[in-house]
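Letter by letter, the chains look like this.
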Amino acid sequence: EVLRVEHLTGNGDTDISFNLRRGEILGFAGLVGAGRTELMRVIYGANPKEEGRIIVNGKEEKIISCQDAIRCGIGYIPEDRKNHGVFLRMSIKWNTVANNLKGYSNGLFVDKKREARAAEEYQDKFKIKTPNLDQLVGNLSGGNQQKVVVARVLNADPDIIILDEPTRGIDIKTKSDIHRLMSTLACEGKSIIMV
């Protein structure tokens, strides 16, 4: 068991409990307005928790911000990529390393070569179509923007990955790529919550 949520209340959801195991893909389904996204945002610290406990790897965690969730090994690919998933006015390179800036800095300065290598690696891995990695994410297609969101989250190497409608509004090829990626991540021991 890597995640246990007990009697969680917040952001309109009340008394939610579930657990997630290593290598598991756990699905959440429901109608629009059922509270799926709201629940995921509370777990990730994007919205406040009112009651309940979040236990990661056997230890209760106080997740009150997204940084707390990242520190606990939780990654979140949001439903609304334009407003919550990417920094549209920043480069692909910057977006790729944004969740793991400490891993690319020496004190106050970012190691530009390591940053570029990481961005190139994810560009190759996810086949992000762009003339160069300094391209602003806002200039990419929806499918390529979603690939940048996935790269940003995975670059922080989370053990638990929340995917909130990750294939919404993207082309069939990218949908297929994302489903294949989920299976691969689960086989590698990552734990996935799929909304």
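Here is a short report on the structure shown in this document. Note that the structure is a prediction, hence the values are computed from the model and not measured. (Residues numbered from 1 in each chain as written. Predicted model: local features only at pLDDT ≥ 70, side-chain atom pairs only at ≥ 80, totals over all residues. Heavy atoms only, no water.)

**Focus: the nonpolar core**
I77, I92, F126, V148, L154, I161 and L163 are the most contacted members of the largest nonpolar core, which totals 25 residues. Secondary structure elements with two or more residues in this core: helix 5 (112-126), helix 6 (142-155), strand 9 (160-163), helix 7 (172-187) and strand 10 (191-194). For this core, the element with the most residues is helix 6, which contributes six residues. When near neighbours in sequence (up to four residues on either side) are disregarded, I92 contacts I128, T130, N132, L133, Q135, V137, L140 and V148. Membership of the second largest hydrophobic core comes to 24 residues, among which are L8, L39, M40 and Y44. (Core = buried A, V, L, I, M, F, W, Y, C linked by side-chain atoms within 4.5 Å. Buried < 20%, exposed > 50% of the residue type's maximum accessible area, 1.4 Å probe, protein only. Helix = DSSP H or I, 4+ residues; strand = E, 2+ residues; numbered from the N terminus. Contact = heavy atoms within 4.5 Å.)

**Focus: helix 7**
Between its first and last C-alpha, helix 7 extends 23 Å over 16 residues, near the 22 Å set by a 1.5 Å rise per residue. Burial in helix 7 covers these residues: T174, I178, L181, M182, L185 and A186. The buried residues of helix 7 occupy an angular sector of 130 degrees when projected down its axis, which confines them to one face. Seen from the buried face of helix 7, the exposed residues on the opposite side, beyond 90 degrees, are I172, K173 and C187. Between the side-chain oxygen of the N-cap and the backbone nitrogen of K173 there are 3.2 Å, and the N-cap of helix 7 in question is D171. G189 sits one or two residues past helix 7 and shows a positive phi near 100 degrees. (Expected span 1.5 Å × (residues − 1). Arc of directions from axis to C-beta. Polar contact = N/O pair within 3.5 Å; in protein donor to acceptor, adjacent residues only side chain to side chain.)

**So, empty space enclosed by the protein**
Applying the stated criterion across every chain, the model contains two cavities of 30 Å³ or more. Its boundaries defined by the atoms lining it, the largest cavity holds a volume of some 50 Å³. Lining the largest cavity, in full, are I77, V150, L154, I161, L163, I178, L181, M182 and L185. Going through the elements one at a time, helix 6, strand 9 and helix 7 are the ones with two or more residues in the lining of the largest cavity. Among the elements that line the lining of the largest cavity, the one with the most residues is helix 7, at four residues. (1 Å grid on protein atoms, 1.4 Å probe; cavity = no way out; pocket = protein on both sides within 12 Å on 5 of 7 lines; lining within 4 Å. Points joined across faces, edges and corners; volume = space filled by probe spheres on them.)

**Observations regarding the sheet that holds strand 5 (residues 59-61)**
The antiparallel open sheet is built from four strands, whose spatial order is 2-1-4-5. Edge positions in the sheet fall to strand 2 (13-20) and strand 5, since each has one partner strand and no second. Strand-to-strand twist across the sheet, computed as the mean angle between neighbouring axes with direction ignored, equals 25 degrees. Across three bridges, strand 4 (residues 51-56) lies against strand 5 in antiparallel orientation. Opposite I54, over in strand 5, you have E61 as the bridge partner. (Pairing = 2+ DSSP bridges. Axes fitted to C-alpha atoms, helices over the stretch in contact; angles between N-to-C directions.)

**Quick look at the packing of helix 6 against helix 7**
It is at 10 Å that the axes of helix 6 and helix 7 come closest, and there the two elements cross at 15 degrees. By the angle class used here, helix 6 and helix 7 are roughly parallel. Note that helix 6 runs across helix 7; the crossing there is left-handed. Of helix 7, the residues touching helix 6 (which contributes G143, Q146, K147, V150 and L154) are T174, D177, I178, L181 and L185. Of the residues contributing to the contact of helix 6 with helix 7, the split by class is five nonpolar, three polar and two charged. (Parallel < 35°, antiparallel > 145°, perpendicular 65-115°, else oblique. Left-handed = near helix turned anticlockwise from the far one by under 90°. Nonpolar A, V, L, I, M, F, W, Y, C, P; charged D, E, K, R; others polar.)

**Section: the sheet that holds strand 10**
Strand pairing within a sheet occurs via backbone hydrogen bonds; the two strands may be parallel or antiparallel. The strand order across the open sheet formed by four strands is 3-10-9-6, and the pairing between neighbours is parallel. Looking at which strands have only one partner, the edges of the open sheet turn out to be strand 3 (25-27) and strand 6 (74-77). Mean inter-strand twist for the sheet, computed between neighbouring axes without regard to direction, equals 15 degrees. In terms of strand pairing, strand 6 meets strand 9 through four bridges, oriented parallel. Its bridge partner being in strand 9, I74 is matched across the sheet by I160. The strands that helix 1 (residues 36-43) touches are strand 6, strand 9 and strand 10; relative to strand 6, the one it contacts most, it runs at about 145 degrees. Sitting on the sheet, helix 6 is in contact with strand 6 and strand 9, with an inclination near 175 degrees to strand 6.

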